[in-house]
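Coordinate analysis (summary)
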Amino acid sequence: GAPVVAAGAAGRGEPNLSAASRQSSVSSSGRTGSQKEGGGSSTGVSSEDRKLARVERKRCREKQRRLDTNSQFAALVDVVREVELQDLAEEARIQRRGGLGIAFGR
């Protein structure tokens, strides 16, 4: 089944997989409901099932890493845009007042 997606920590709706949802997606991946017979350990989970679960965990970790990186990049872009707007506003204020001498006397 598909993993459960919750709102991101930044509150912008970015997907954020919780540990519980990652675990539930792992436990449901590749399973038909009954344990495979033969070749399993004492827990009844075959090496193929353990391998599939490991691959799914790795996939989920990488997906979360990419989502986190994209969220951080978007936040950085927002900060840079805000700084650029402030710089443009300051330059316009300086030009309206007639030059650089005014900027130092705020």
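All values derive from a computational prediction rather than experimental measurement.

A few points about a nonpolar patch on the surface
Where nonpolar side chains cluster on the molecular surface, the patch consists of F73, L76 and V80 and spans about 300 Å² of accessible area. Tracing the backbone shows F73 in helix α2 (residues 47–96). For F73, a relative accessible area of 55% corresponds to the exposed category.

Concerning the pattern of salt bridges
In this structure the tally under the stated criterion is four salt bridges. Here R59 ties to E56 by a salt bridge, and the two come within 2.7 Å at their closest N and O atoms. Placement of the pair is R59 and E56 together in helix α2, with a separation of three residues, close to one helical turn. A relative accessible area of 14% means that E56 is categorised as buried. Each member of the salt-bridge network shares a partner with another, and the members are E62, R65 and R66.

Things to note about a positive patch on the surface
A contiguous patch of positive charge, built from K51, R54, R57, K58 and R61, is present on the exposed surface. Mapped onto the elements of the fold, K58 is located in helix α2.

A word on α2
With 50 residues, α2 should cover 74 Å at 1.5 Å per step; its first-to-last C-alpha distance of 74 Å lies within 8% of that length. Among the residues of α2, D49, A53, E56, C60, Q64, S71, E90 and I94 are the ones counted as buried. Downstream of α2 by one or two residues, G98 has phi in the positive range, about 100°.

About the criteria used
What you see as residue numbers is a count from 1 along each chain, following the sequence as written. With pLDDT at 70 or above as the cut-off, local features in this predicted model cover only qualifying residues; side-chain atom pairs require 80 or more to be listed or tallied, and sums for whole chains, interfaces and linings still use all residues. Side-chain measures here rest on the full set of heavy atoms in the structure, leaving out hydrogens and waters. What makes a patch is a set of residues exposed beyond 30% relative accessible area and free of salt bridges, joined within 9 Å when like-charged and within 5 Å when nonpolar (Val, Leu, Ile, Met, Phe, Trp, Tyr). Residue burial considers only the protein chains on display, and all accessible areas are found by Shrake-Rupley using a 1.4 Å probe. One side-chain nitrogen of Lys or Arg within 4 Å of one carboxyl oxygen of Asp or Glu is enough to make a salt bridge. A run of DSSP states H or I qualifies as a helix once it reaches four residues; a run of E qualifies as a strand once it reaches two. Both are numbered from the N-terminal end. Think of it in three bands: residues with accessible area under 20% of the maximum for their type are buried, residues over 50% are exposed, and the middle band is partly exposed, with areas taken using a 1.4 Å probe on protein chains only. Positive residues here are Lys and Arg, negative ones are Asp and Glu, while His and the chain termini are left out of the count. Lys charges are placed at NZ, Arg charges at CZ, Asp charges at CG and Glu charges at CD. Given the number of residues in a helix, its expected span is that number minus one, multiplied by 1.5 Å.

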